[in-house]
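# Chain and residue survey
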Amino acid sequence: MKKFFPSLVLFAILLAGCSRNFAPIELTNWQFQYQNQWFPATVPGCIHTDLLAQGLIPDPFYGTNEDSVQWVSHRQWHYRTTFLKKDLPRGYFSIDFEGLEVYADILLNGDTIMSTDNMFLEYAIVAERSKMQDTNILEVIFYPTAPHDSAALAALGYDVPDHRVFTRTAPYQQGWDWGPKLNTCGIWQPVRITSCNVKRDGRATLPKNNEQKVIQGTWFDNHHITFKSTPDSIGLAYTFFDNGNPIFVKGANWIPCHSFPTLTPALKETYRYLLTSARDANFNMIRVWGGGIYEHDYFFDLCDSLGIMVWMDFNYSCALYPSTDAFLSNAAREAERQVARIAKHPCVVLWCGNNEVKNGWEDWGWQGQYQWTDEQIHELQSGIDTLFGPEGILAQAVQKHDPANRSYVSSSPLFGWGHPECVTHGDSHYWGVWWGELPFEVYKEKNGRFMSEYGFQSYPDYSTVCRYCPENERAIDSPTMRSHQKHPRGVQIIDKAMQQYYGFDSRSLSLEDYCYVSQLLQAWGVGYGILQHRLAQPHCMGTLYWQLNDCWPVASWSSIDCYGNWKALHYRARDLFADTVDLSRWESYYSIYPKNLKLSKADYSVSTKAVDVKGIPSIRVTITAKTYLRDVMLQLAPHIDGHFDFNYFDLQPGESVTATFVPRYECDKAPEAKVVIKTLNDIYN
C-alpha cells in the first residue's frame, strides 16, 4: 500500500490551484455506501444530508429526531466515484480536495495514497496521466472522530475541559447552547481535477500571487479601515477608524447559518438574505465567531459588496488546545491557508486568535477542577502562548499572508465579565445579564470600551415552532420544545425576566403568546444595552450583540430565526443603529416597564393592498390606531417566509403606519394571505 508521509501531505496541500490551460473537471458523480448498498451522493455535501435525501434517516431538525441520528457519527462512511483517462490533461494532473470532514483515507485504484486530518485544509494528489487506467476509481473512507479524540487524550496523559479539541473540525456541529449535536463527515467542498506542471526534480510549479489579489470595486475602495487598542486615562481603548476618523461599530455575532455548511444554491440564498438583512438593520460590522467554520468566499464577497466590516476569529473557542508538535504544525498550515484565502477580501478589518480561551483559562475554574500539576499548567499556558500569543503561530500567519497588514489580537474578550477591567480595558463579553441572571439595567453600569458579546434569548416565530414541533407537543415543557432549547436554564431565565418586566406568569400564556412576549422581552433587554452603549460614546466604541442568526430552528439569542423571520430584536436594532436615532426618545421609552403600562383593549382599523415590489407580488398594510397600541406585530396567515419593512411598533390614538411585506422567495404570493395583528394590549386584556 502506498501512503503519503506528512511532509508530502504538506507539499500536496500547497498544490491546490495549480491549474494551467486545462479547464478543471469537477467530480460530482459520487456514491456512498450504507448497509452494503451504494446510493447516490451529493458532492459537495455530507453524510447526514445524503442519508436524509435517500430517506434513510428522519429530518434531524424535526421533533426529537436529533437524538435518533446520533449513531451516524459513530460509523465509517465510504464514498466513491470514477473518472476516465481520456478526459485527463497530458502529463501530470492534480486531484484537488477543497475540504474533507475530517479523518479520511483517499484511495486511487485501490491504493491508499493520502490520509487527512483537518477540515480546514485543502488536499491534492498529483499523478501522471500515463499511469492511469482507462477507468479510475477514486474513494474516500471517513472515520469517526471520537476514537481519535480518545487516543489523543490518552497520549496527552491528563484531562482537559473539552475532549473535542484534538480534531480540527467545526466545533459547533458537536453541540452548543444554541445548536444540535450533529457531528457529521463528508466531502463538504468541491473536488476537481486540474492540470499540473512538474519539473524533473518532482516539484510542482505553483501559480504566483494566487491568493494575494484584493477584490476591487467595493465600498472599501474609498474607506481605509484601521484598528487601534491604545492605553488612555480610563484603561485600554478599542477603536476602529475609517480614513482616520473613529467609527462607532454596530452589528452582531455570526454563527454558521446551517448545521451542514456546504455552499448549496439554497445556502447562498440564505447568506444573501441574512447579510442584506444585516445591512438593512444599519449594521456596519459582523463578528465571525470562532466556533464555526472559516466562512466561504461567498460570505466575504457579500460583505465586500454590502460594505459590512468583518471581525474574523480563528476557529478556536471556549477550550484549551493541545501543544503537541503535530497539533501546532497542523494549526500553522491551517492558519496560513485560511489567512491567504480570506485576506484578499477588503471587508476583513481584524483578526482575532480565539473566542474566550483566555477568559476560560482565567475564570472558569479549570485549574481547580482538573488539579493539574505545575508542569501541566506550564505546558498548557505555553500552548496558549505558542498558538495565540502576539508572536504566536496565528499572529505569524497574519504577518506573513495578509498583505494589508491588518491588526491581530490574541483573544476575545480581553477580560471576563467578572473582572473590573471588563469595562475599562479592551473588548468585553458581558454575560452578567443572562448567565448571571442580572437585570437589564446592569448594562448601564457594565459598559465596556467595545461590547463584542452580550445578549438575551427568545423563542423563534411561532410559525417556526410549528415547523419543527408536532402539534401535540406545542407546550413549553414538551420533549420537542426541550430538545430545541439547548441552554440548561433557558426557560427559567426567560420566565424570571418576563415576570420582572412584563408581569406575566409565563405558564398562563399559550405557547404562541409565550413566543411573542419572549421576543418583546429580548428586544427590550438587548435594545436597552444598545442604547447604553450608544450613549456612552466615546468610552464605548462598539456594540456587537449575540447573535444575528441560527443554524437550525431553536430558542436562541438570534435576532433572525433559521427560516429568516426577523424577530422583534432585529427591528429594535435597526432603529437603535440608525445614524439619525433620537437617543433621548429611547431613554424616555425605557423609563417605564411594560408591566406598568395601563393598556386598554386594542382598537384599530386596518386596510391592505396588493403591490408589486421589484416584480414580486407583495402586500401593503395600513393600520390606524383608535387606542394606544403597544408592540404591534404584523404577520401573515398562512405564514410566508420574509418580513415586513416595519414591524413591532407602537401607535398613539389617531396615528397610522403603513408597512409592506415582501416574500423571501418570488414564488410566494403575499397578496393571497391574510394579515393578522397581535399587540401587547391583547395579552393584557
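Described below are features of the structure shown in this document.

What counts as what
- Residues numbered from 1 in each chain as written.
- Predicted model: local features only at pLDDT ≥ 70, side-chain atom pairs only at ≥ 80, totals over all residues.
- Heavy atoms only, no water.
- Pairing = 2+ DSSP bridges.
- Helix = DSSP H or I, 4+ residues; strand = E, 2+ residues; numbered from the N terminus.
- Axes fitted to C-alpha atoms, helices over the stretch in contact; angles between N-to-C directions.
- Salt bridge = Lys/Arg side-chain N within 4 Å of Asp/Glu carboxyl O.
- Buried < 20%, exposed > 50% of the residue type's maximum accessible area, 1.4 Å probe, protein only.
- Contact = heavy atoms within 4.5 Å.
- Expected span 1.5 Å × (residues − 1).
- Left-handed = near helix turned anticlockwise from the far one by under 90°.
- Nonpolar A, V, L, I, M, F, W, Y, C, P; charged D, E, K, R; others polar.

### Let's talk about the sheet that holds strand β13 (residues 225-228)
Pairing is antiparallel in the open sheet, where three strands are placed in the order β13-β14-β15. Among the strands making up the open sheet, the edge pair consists of β13 and β15 (245-247). Looking at each pair of strands side by side, their axes are set apart by 40° on average, direction ignored. Two strands pair when backbone bridges link them, and β13 and strand β14 (residues 239-242) are joined in this way by four bridges, in the antiparallel orientation. Paired with T226 across the two strands is F241, which belongs to β14.

### Observations regarding the pattern of salt bridges
On inspection of all chains with the given rule, the structure shows 27 salt bridges. Between D641 and R467 there is a salt bridge; the shortest N-O distance is 2.8 Å. Here D641, found in the loop between β26 (629-637) and β27 (642-644), pairs with R467, found in helix α13 (residues 462-468); they are 174 residues apart in sequence, far enough to count as distant. The class of D641 is buried, set by a relative accessible area of 9%. As a salt-bridge pair, R630 and D650 come within 3.8 Å of each other at their nearest N and O atoms.

### Side note on the sheet that holds β26
An order of β28-β26-β30 is seen for the three strands of this open sheet, with the pairing classed as antiparallel. Looking at which strands have only one partner, the edges of the open sheet turn out to be β28 (649-651) and β30 (674-678). The mean angle between the axes of side-by-side strands here comes to 45°, regardless of whether they run parallel or antiparallel. Sheet topology places β26 next to β30; five bridges connect them, and they run antiparallel. Each bridged residue has a counterpart across the sheet, and for L634 the counterpart in β30 is I677. Packed on one face of the sheet, helix α16 (residues 511-535) meets β26 and β30 and runs near 125° to β26.

### Considering α16
Across its 25 residues, α16 extends 36 Å between first and last C-alpha, which sits within 8% of the 36 Å expected from 1.5 Å per residue. In terms of burial, α16 is a largely internal element, 23 of the 25 residues being buried.

### What about the packing of helix α7 (residues 325-342) against helix α11 (residues 393-401)?
Contact geometry of α7 with α11 gives a least axis separation of 9 Å together with a crossing angle of 35°. For α7 against α11, the interelement crossing comes out right-handed. Residues L328, A331, A332, A335, E336, V339 and A340 of α7 form the contact with α11, whose participating residues are I393, L394, A397, V398, K400 and H401. Residues of the contact of α7 with α11, tallied by class, amount to ten nonpolar, one polar and two charged.

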